[in-house]
Amino acid sequence: MSAHKKTPPSLVFAGPDGSIYDHPDLLMLCSRGDELTLPRPDEFIPLPEESEFFLLPGRRAMGLNPETGQVEVLEETAVAAFVTPAYTLTAHPAFEKDDGAPVLPLFAYGAVGFADGRFWVCAKRVDEDTRQVFRGIPRERIESGARGLLAAMPENRLVRHLTHCALTYGCPAAKNLALGRYEAPLPTARTCNARCVGCISQQPEDSGFPATQCRIAFTPTAGEVSEIMLHHASREKRPILSFGQGCEGEPLTEAALIAESTARYRAKGGPGTVNVNTNASLPKTIPDLARAGVSSIRVSLNSARKGPYEAYYRPHGYAFEDVLESISTARAEGLFVSLNLLFFPGFTDGEAELEALSEMVRSRGVNFIQLRNLNLDPDLYSTLTRPFDQGPAMGFLNFRKRLRKACPDLGFGYFNPYVER
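Reading guide: rules and limits
Residues numbered from 1 in each chain as written. Predicted model: local features only at pLDDT ≥ 70, side-chain atom pairs only at ≥ 80, totals over all residues. Heavy atoms only, no water. Helix = DSSP H or I, 4+ residues; strand = E, 2+ residues; numbered from the N terminus. Rg over C-alpha atoms; globule rule 2.2 N^0.38 Å. Buried < 20%, exposed > 50% of the residue type's maximum accessible area, 1.4 Å probe, protein only. Contact = heavy atoms within 4.5 Å. Areas by Shrake-Rupley, 256 points an atom, 1.4 Å probe, with all protein chains shown as cover. Lys, Arg positive; Asp, Glu negative; His and termini not counted. Charge placed at Lys NZ, Arg CZ, Asp CG, Glu CD. Pairing = 2+ DSSP bridges. Patch = residues over 30% accessible without salt bridge, like charges linked within 9 Å, V, L, I, M, F, W, Y side chains within 5 Å. Salt bridge = Lys/Arg side-chain N within 4 Å of Asp/Glu carboxyl O. Expected span 1.5 Å × (residues − 1). Phe/Tyr/Trp six-rings, centres within 6.5 Å; stacked < 30°, edge-to-face > 60°. Axes fitted to C-alpha atoms, helices over the stretch in contact; angles between N-to-C directions. Left-handed = near helix turned anticlockwise from the far one by under 90°. Nonpolar A, V, L, I, M, F, W, Y, C, P; charged D, E, K, R; others polar.

Considerations on the overall build of the chain
Logical step 1: A tally of helices and strands in the chain yields 12 helices and 19 strands.
Logical step 2: Against the 2.2 N^0.38 benchmark of 22 Å for 421 residues, the chain shows a C-alpha radius of gyration of 22 Å, consistent with a compact globule.
Logical step 3: If you line up the chain on its principal axes, its C-alpha atoms span 70 × 50 × 45 Å.
Logical step 4: When the 421 residues of the chain are sorted by exposure, 57% land in the buried category.
Logical step 5: By sequence separation, contacts in the chain at least 24 residues apart represent 77% of the contacts at least 6 residues apart.
Logical step 6: Total accessible area on the chain stands at roughly 17400 Å², and carbon and sulfur atoms take up 50% of it.
Logical step 7: For the chain, the separation between the mean place of its 45 positive charges and that of its 50 negative charges on side chains is 8 Å.

A few points about the sheet that holds strand S4 (residues 35-37)
Logical step 1: Judged by pairing direction, the sheet is antiparallel, and its three strands sit side by side in the order S4-S3-S9 without closing on themselves. Looking at which strands have only one partner, the edges of the open sheet turn out to be S4 and strand S9 (92-93).
Logical step 2: In terms of strand pairing, strand S3 (residues 30-32) meets S9 through two bridges, oriented antiparallel. In the strand pairing of S9, Cys30 is matched with Pro93.

Topic: a nonpolar patch on the surface
Logical step 1: Together, Leu36, Val71 and Val73 make up an exposed nonpolar region whose accessible area comes to about 210 Å².
Logical step 2: Positionally, Val73 belongs in strand S7 (residues 70-82).
Logical step 3: Note on Val73: relative accessible area 32%, which makes it partly exposed.

A few points about helix H6 (residues 255-267)
Logical step 1: For H6, built from 13 residues, the straight-helix expectation of 18 Å at 1.5 Å per residue is met to within 8% by its first-to-last C-alpha distance of 18 Å.
Logical step 2: Within H6, the full set of buried residues consists of Ala255, Leu257, Ile258, Ala259, Ser261, Thr262 and Tyr265.
Logical step 3: Those residues of H6 that are buried lie in contact with helix H5 (222-233), strand S14 (240-243), strand S15 (273-278) and helix H7 (286-292).
Logical step 4: Downstream of H6 by a residue or two, Gly269 has a phi angle that is positive, lying close to 80°.

Thoughts on the side chain of Gln390
Logical step 1: As for its placement among the helices and strands, Gln390 is situated in the loop between helix H11 (378-385) and helix H12 (396-406).
Logical step 2: Judged by relative accessible area, Gln390 falls into the buried class, the value being 17%.

Regarding H5
Logical step 1: Between the first and last C-alpha of H5 there are 16 Å, a value that for 12 residues agrees with the 16 Å anticipated at 1.5 Å per step.
Logical step 2: Taken as a whole, H5 has its buried residues at Ala222, Glu224, Val225, Ser226, Ile228, Met229, His232 and Ala233.
Logical step 3: Buried-residue contacts for H5 involve helix H3 (157-169), helix H4 (172-179), strand S13 (183-186), S14, H6 and S15.

A word on the packing of aromatic side chains
Logical step 1: The tally for this structure, following the rule as stated, stands at 18 aromatic pairs.
Logical step 2: Aromatic side chains Phe336 and Phe368 sit 6.2 Å apart centroid to centroid with 45° between the ring planes, which places their arrangement in the tilted category. Of this pair, Phe336 sits in strand S17 (residues 336-343) while Phe368 sits in strand S18 (residues 368-373), placing them 32 residues apart in sequence.
Logical step 3: With relative accessibility at 12%, the residue Phe368 sits in the buried group.

Some details on the environment of Ser338
Logical step 1: Inspection of the secondary structure puts Ser338 in strand S17.
Logical step 2: Expressed as a C-alpha distance, the spacing of Ser338 and Ser31, which sit 307 residues apart in the sequence, is 28 Å.
Logical step 3: Contact partners of Ser338, with chain neighbours within four places excluded, come to Ile297, Arg298, Val299, Phe368, Gln370 and Pro417.

Here we look at the packing of helix H10 (residues 351-364) against H12
Logical step 1: Running from amino to carboxyl end, H10 crosses H12 at an angle of 30°, the nearest separation of the two axes being 10 Å. Here the hand of the crossing between H10 and H12 comes out right-handed. Packed against H10, whose contacting residues are Glu351, Leu354, Leu357, Ser358 and Arg362, the element H12 presents Phe399, Arg402, Leu403 and Ala406 at the interface.
Logical step 2: Residue classes in the contact of H10 with H12 are distributed as five nonpolar, one polar and three charged.

Some thoughts on the pattern of salt bridges
Logical step 1: Following the criterion strictly, the structure yields 21 salt bridges and no others.
Logical step 2: Between Arg32 and Glu35 there is a salt bridge, with its nearest N and O atoms 2.8 Å apart.
Logical step 3: Using a relative accessible area of 33% as the deciding quantity, one classes Glu35 as partly exposed.
Logical step 4: Here the salt bridges do not stand alone but share partners, grouping Arg60, Glu75, Glu96 and Asp98 into one network.

A few points about the pairing of strand S11 (residues 112-115)
Logical step 1: Summarising the sheet, strand S1 (residues 10-14) and S11 pair through two bridges and their orientation is antiparallel. Within S11, the position partnered with Leu11 by the bridge is Gly113.
Logical step 2: The pairing of S11 with strand S12 (residues 118-125) spans four bridges and is classified as antiparallel. Paired with Val112 across the strands is Val121, a residue of S12.
Logical step 3: Between S11 and S12, which pair antiparallel one after the other, the connecting turn spans two residues, and Asp116 there sits at a positive phi close to 55°.

See the structure below:
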């Protein structure tokens, strides 16, 4: 039996100076939607390297007194963990929210505790791929790679944008482009036909929280895009070239540009996977993308049900039915279809969500699910989805196990897989 099953983690909290402490008497609690509980022994792991701690302003830490069985609330600030990519959160931190507490920024907040001399987080690894691990890679190497891109393509505005993303925002995809490895980001779209509550590139002033990235301010040309595609493919043996990034709107609004860029790339012998990360709102664009040489699409979803989906995505000019049609069209055109499932403990793992998702996968021929974290204040999302009954939560591990049983041909991971076409 492993140590974390023998030793329940202690509550951690932050002092006035921001230092993090473990409580000598109280145990860690976690939340899944409206459920407050001790973490299940099989759902927490040692905090992965490159994870970060967040202090939660206006939220007081709470833990369980094992002697009395009572929940106790501290005056000190609650703490969460933002886990490194390839891990999916299984629970959020437990806290008591003060009146007037600010809305939390657009990150994913994992329940964290301390035991046996180390921190533990409620999360599970869902992908062994290390494409967004930068341990041991000095910043100087990334800076050198960025300078190399600028020197190789000095007139390319998209290169300037992406090197800025790598060096200013630390964007993992842009850093990989600078390093000439794995998956290259190709943002193109200035506009979007959704108003996602958790959009990371554009937020209204009254949202209560800022966007975490700047949206691209120009539309690149097909020449600029295909130049980057060919350059990246010359450095990476198994290139993945992805349209649809956090620093842009909806790529299908620039479907003609994507098709032309991809056709140019393929015409010059460009290999590998050309992927589009999308909300799948414009099904009529899919056939042209397939003919141009696109290999796959990744469809972002917070829910496989119309009500919760539209409450979060707030579509403008399309509906959930268009998303379903796009998936079916993509499969009919021979594209590999992944779902970018924005997992939220206590909601996504509800019975109603599992049933709807299983039906979508079976009926639409979905190939793969990327188990990503929903980056949003947990209280905000719980309020947003409260009108939609999802049934009791079964926990992440049971959710994944039952989905696998219902859809035995379905693949799982965190990143866009490499697919040939």
